Amino acid sequence: MATDFKSIPIIDISPLLEKWDHPNLAHDEGVAQVVRQLGQACREAGFFYVKGHGIPISLMKEIRSITREYFHQPYEEKLKIKLSAATGYRGYQRIGENITKGIPDIHEAIDCYREVKHGMYGNLGKAMQGSNIWPSNPPNFKQLMEEYVDRCTDLSRKIMRGIALALGGSADEMEGEVGGDPFWVLRIIGYPAVSISNGHDKADNDVGCGAHTDYGLLTLVNQDDDIVALQVRNKSGEWISAPPIPGTFVCNIGDMLKILSNGIYESTLHRVINNSPKYRVCVAYFYEPNFDAAIEPLDVCSQKTGGTKNFEGAVYGKHLVSKVTTNFVM
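Below: a short report on this structure.

Definitions and cut-offs
Residues numbered from 1 in each chain as written. Predicted model: local features only at pLDDT ≥ 70, side-chain atom pairs only at ≥ 80, totals over all residues. Heavy atoms only, no water. Helix = DSSP H or I, 4+ residues; strand = E, 2+ residues; numbered from the N terminus. Polar contact = N/O pair within 3.5 Å; in protein donor to acceptor, adjacent residues only side chain to side chain. Contact = heavy atoms within 4.5 Å. Buried < 20%, exposed > 50% of the residue type's maximum accessible area, 1.4 Å probe, protein only. Pairing = 2+ DSSP bridges. Core = buried A, V, L, I, M, F, W, Y, C linked by side-chain atoms within 4.5 Å. Lys, Arg positive; Asp, Glu negative; His and termini not counted. Salt bridge = Lys/Arg side-chain N within 4 Å of Asp/Glu carboxyl O. Axes fitted to C-alpha atoms, helices over the stretch in contact; angles between N-to-C directions.

In this section: the side chain of His-270. With respect to the element layout, His-270 can be found in strand β13 (residues 270–272). Polar contacts involving the side chain of His-270 include one to the side chain of Asp-214, which spans 3.2 Å. His-270 has contacts with Phe-47, Gly-210, Ala-211, His-212, Thr-213, Asp-214, Leu-230, Gln-231, Val-232, Trp-239 and Asn-252, leaving out every residue within four places of it along the chain.

Laid out in structure tokens, this is it:
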């Protein structure tokens, strides 16, 4: 369960990445220290920064730069890849089309998902069928984003091995039927600068993204280096800022990991409010279970919490589709 944390910890995960596939991974002291830090962060805040993650800072910056370049194009250009049910909920959505708890979010975005081929997962996957639709401008957008997704997928898998150890399981506890063939989501997001005319008297719809939890296992957030906008809610209901730390990812755990951990870890509420006079860019990568995985508390976690499973099982793809198909105004 989340605590009354006042700040979000920073974890150097390089020892874990160096030995992620070592047969004696759990017995390495450097790895064990990372595992302890991951466990504490997931228990107390559900959020943490990672450094030493191996993804070039130059690539992180390039991803944000090309995102900004796309969003600064004319509206008509952006609409060429408009999101709809027919695109498998992939593509561009304008400001106010994304809905959180019934309130329009003040951001624009491109939503991307791992490809779902026709007939994959039967009826479960029908709503998500399709491939991503990428803009033709900037010309290297697709190539860069696909490289980035591959790197984030690889990194997330390695972090999840550390989290599995922190829960008392084996390093590959989250693989196989849980996440051996992980789904992924990428949200490429732009938050408008605050309107000067609003001054200090802000309306509710100045919220860039309303309070929510993430759906899957682990999120990697690549945010602008110079704008504080992401906020995380602690147990007392205080909103704690997650200021940018250049070269790091902000990570948080999602609903599926909360279930797997039997509530030992919390998927923490968070929101985005851009009070800056600058346009803010954020690219969020979501590492998910297998699309058709039936998620329920791990035995090792049930044993730690009195032997009772505190959550009913959930099929990840069904959970995702229920969110995706109700989060938009078309």
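This paragraph deals with the pairing of strand β2 (residues 47–51). Among the five residues in β2, four count as buried, and that is most of the element. Pairing between strand β1 (residues 10–12) and β2: three bridges, direction parallel. Bridge pairing in β2 links Asp-12 to Lys-51. One ladder, built from four bridges, connects β2 with strand β12 (residues 249–253); its direction is antiparallel. Bridge pairing links Val-50 to Phe-249 in β12.

Generally speaking, nonpolar side chains in soluble globular proteins are found buried as a group. The biggest cluster of nonpolar side chains holds 82 residues, and the ones touching the most others in it are Phe-48, Ile-159, Leu-186, Ile-188, Leu-218 and Leu-257. Ala-45, Phe-47, Ile-189 and Val-250 belong to the second-largest nonpolar core, a separate cluster that totals 20 residues.

With that settled, the discussion passes to the side chain of Asp-214. Residue position: Asp-214 is located in the loop between β8 (209–212) and β9 (218–223). Comment: no salt bridge for buried Asp-214; closest opposite-charge side chain is Arg-187, at 8.5 Å. Side chain to side chain, Asp-214 and Asn-252 meet in a polar contact 2.8 Å long. Not counting residues within four places of it along the chain, the set of residues in contact with Asp-214 comprises Thr-219, Asn-252, Gly-254, Asp-255, His-270 and Phe-286.

The antiparallel open sheet is built from four strands, whose spatial order is β8-β13-β10-β11. Only two strands of the sheet have a single partner each, and these edge strands are β8 and β11 (239–241). Averaged over all adjacent pairs, the angle separating strand axes in this sheet is 25 degrees, with direction ignored. When β8 meets β13, the two strands line up antiparallel, connected through two bridges. From the neighbouring strand, Cys-209 faces β13, where its bridge partner is Val-272.

It is worth stressing that arrangement in space is one thing and function is another; only the former is reported here.
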